[in-house]
Each structure stands twice: as structure tokens, then as C-alpha cells.
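Take a look at the letters that make up each chain.
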Amino acid sequence: MIIAHLSDLHLDDGPRAEERVAAVMAYLDELAVDAVVVTGDIADHGAATEYARAAELLKHPAPVLVCPGNHDVRAEFRKGLLDLAASDGPIDLAREVGGVLFALCDSTIPGRGAGYLADETLEWLDGVLSGGDGPAFVVFHHPPVEVGVPLVDGIRQSGEERLAAVLGRHPRVVALLAGHVHTGASTTFAGVPLRIAPGVVSTSLLPVEPGAGRGWDEGGPLEYDRPPSLLLHVLHDDGRVTTHHRAVPFVS
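Residues numbered from 1 in each chain as written. Predicted model: local features only at pLDDT ≥ 70, side-chain atom pairs only at ≥ 80, totals over all residues. Heavy atoms only, no water.

Draft legend 1. Fine view of the pattern of salt bridges. What the rule picks out here adds up to ten salt bridges. Two residues, Glu223 and Arg226, come together in a salt bridge whose shortest N-O distance is 2.2 Å. On the basis of relative accessible area, Arg226 is assigned to the partly exposed category, the value being 35%. Between Asp238 and Arg240 there is a salt bridge, with the nearest N and O atoms lying 3.0 Å from each other. The exposure class assigned to Asp238 is exposed, which follows from its relative accessible area of 55%. Through salt bridges with shared partners, a single ionic network connects Glu18, Arg53 and Glu56. (Salt bridge = Lys/Arg side-chain N within 4 Å of Asp/Glu carboxyl O. Buried < 20%, exposed > 50% of the residue type's maximum accessible area, 1.4 Å probe, protein only.)

Draft legend 2. Geometry of the environment of Pro68. On the secondary structure map, Pro68 appears in the loop between strand S3 (64-67) and helix H3 (74-82). Taking C-alpha positions, Pro68 is 9.1 Å from Leu104, a pair spaced 36 residues apart along the chain. For Pro68, the contacting residues outside a window of four places in its chain are Gly40, Asp41, Phe77, Ile91, Asp106, Thr108 and His141. (Helix = DSSP H or I, 4+ residues; strand = E, 2+ residues; numbered from the N terminus. Contact = heavy atoms within 4.5 Å.)

Draft legend 3. Highlighting helix H1 (residues 15-29). Across its 15 residues, H1 extends 21 Å between first and last C-alpha, which sits within 8% of the 21 Å expected from 1.5 Å per residue. If you check which residues of H1 are buried, you get Ala17, Arg20, Val21, Ala23, Val24, Met25 and Leu28. Where the residues of H1 are buried, they touch strand S1 (2-6), strand S2 (35-39), helix H2 (48-57) and strand S14 (229-235). (Expected span 1.5 Å × (residues − 1).)

Draft legend 4. Expanded view of the packing of aromatic side chains. Going through the model one piece at a time under the given rule, you end up with two aromatic pairs. With centroids separated by 5.8 Å and ring planes inclined at 75°, the aromatic side chains of Tyr51 and Phe77 adopt a geometry described as edge-to-face. Here Tyr51 is found in helix H2, whereas its partner Phe77 is found in helix H3, with 26 residues between them in sequence. We classify Tyr51 as buried; its relative accessible area is 0%. With centroids separated by 5.2 Å and ring planes inclined at 10°, the aromatic side chains of Phe102 and Phe137 adopt a geometry described as stacked. Of the two residues, Phe102 is situated in strand S5 (residues 100-104) and Phe137 in strand S7 (residues 136-139); the sequence distance between them amounts to 35 residues. (Phe/Tyr/Trp six-rings, centres within 6.5 Å; stacked < 30°, edge-to-face > 60°.)

Draft legend 5. Structural detail: the environment of Ala32. Within the element layout of this structure, Ala32 appears in the loop between H1 and S2. On the basis of relative accessible area, Ala32 is assigned to the exposed category, the value being 75%. For Ala32 and Pro61, which are 29 residues apart along the polypeptide, the C-alpha to C-alpha distance reads 8.5 Å.

Draft legend 6. A look at the sheet that holds strand S4 (residues 93-97). Sheet architecture is open: six strands sit in the order S4-S5-S7-S9-S11-S10, paired in mixed fashion. Single-partner strands in this sheet number two, and they are S4 and strand S10 (185-189). Pairs of neighbouring strands in the sheet enclose a mean axial angle of 25°, with direction left out of account. Relative to strand S11 (residues 192-196), S10 is paired through five bridges, and the arrangement is antiparallel. When the bridges of S11 are listed, Phe189 appears paired with Val192. Sheet strands in contact with helix H4 (residues 119-129) are S4, S5, S7 and strand S9 (173-178), and its direction is about 175° off that of S5. Those strands touched by helix H6 (residues 160-168) are S7, S9, S10 and S11, and its axis lies near 75° from that of S10. (Pairing = 2+ DSSP bridges. Axes fitted to C-alpha atoms, helices over the stretch in contact; angles between N-to-C directions.)

Here you go:
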């Protein structure tokens, strides 16, 4: 199985973000992937018009699986992307593709940038993972560990020891998929591979990189000139996950 993983589209009714998302989806049109996973911040302001455009852009022959990020608004997300009634509760969804479970968890805290998995989300996740023994991916926006990017480390997912306890009961989980950081990164959490997709809209910088010391008004710590990129995950028959990073040719 091959999974395309993208994140942080930040569609805002403007041309720049839309053109970058369109370029990524055009690239994916040429690939026979089995699923497309989008780990949050699909809209920049959570407006209905942003989700309407996202629904048009995020089309692929393979299933497109989405979870919210801290810029998303639950009620509009539900209506615009999931065709569900508006509600402010956590958006937790389970999808099975080719015998592989994708448990999409809502790590957002409405009105805040930081993340946290609500008790009801963790109870739901525990139950979903108990429903079989095939491979499973657990998906959310906020990474539950620091990754070396101070801007996002300060608003990462907290309460992570609760998630670790759930994962410890379910060895079927082959990887965790996240976004939020705006840079492709690979680490582990609770002994499970954690793959973080780069941002489609922009790229965050490590403190050692040129420009990382500048403030937001001076162009850092986000860089907007690099091309949009994504991850391609290969799930092998033995349960290993190999991840490839791809930049998409793009001229602004």
C-alpha cells in the first residue's frame, strides 16, 4: 500500500495557497496511490468558502481522508468536507482502506493553537483499535513530542502519556501520521514511528537555518518560496513503513 500524506494547506480564498494545493493534487493525479491523507489546517480561517474550495481541490481516485487542525473550525469542517451536520464536538473518524485501518483523531482545542486528545477521543480510539488485528495508522494534526522547531513545539499535543497508554495496548499500529510543523520530519513516539508531513503552504525552519532568527514580519521562521511538498508512505507486507519525501515542481 502507498499512502500520500500532505498537510497544512491553509486555503484562504486567495490564489497563492490554492495554486500550491492544485499543483500537489495534479502531481498526485499521476500516481496510483491507495489513499490520500491530509493532516489538518485545511482552511486558514475555517470559513465555509475555504472548505467549499478544498472539497473541489482534494479529489483523487483513491479515498481522501482528512482530519482537522488548529486553524480549522469543526462545524464548517463537518459541513464542507464530510457532508455532516454542523457540530462542535471532536471530529473522530475511522476508515478502512484495503484492509488497513485509518483512525483519524481530532487533536484540536477550539480557539487555541495547541493540541490535546480529549478523553472521549482516546476512548473512541481504544475501541476502534480493539476491533481487529490488521495494520492501523493513527492520524492527527499535532505531534505529541517536541521536534526541534520552537514555534510549534510550544503548541504541540499535550497529555501525550494518555495516548502512549492506548498505543501500548495495540501493537497493530504501524505508524502515527501528523502535520502542524510545516516541515517533513520523522521520529518515534511510544515506540511507534511518527511521520510528520511538510506544509503545502510554507516551510518552517530549524533554529540553525538562515533566517530562522527573524520574526514573522521579517519572513521567518516560515519560508514561503520553497516548493510545496508531501510524503509518500509505503506500507510493506511485514508491517514496516518506509517514507519518501517529494517536492512538487512549482512556479509561483
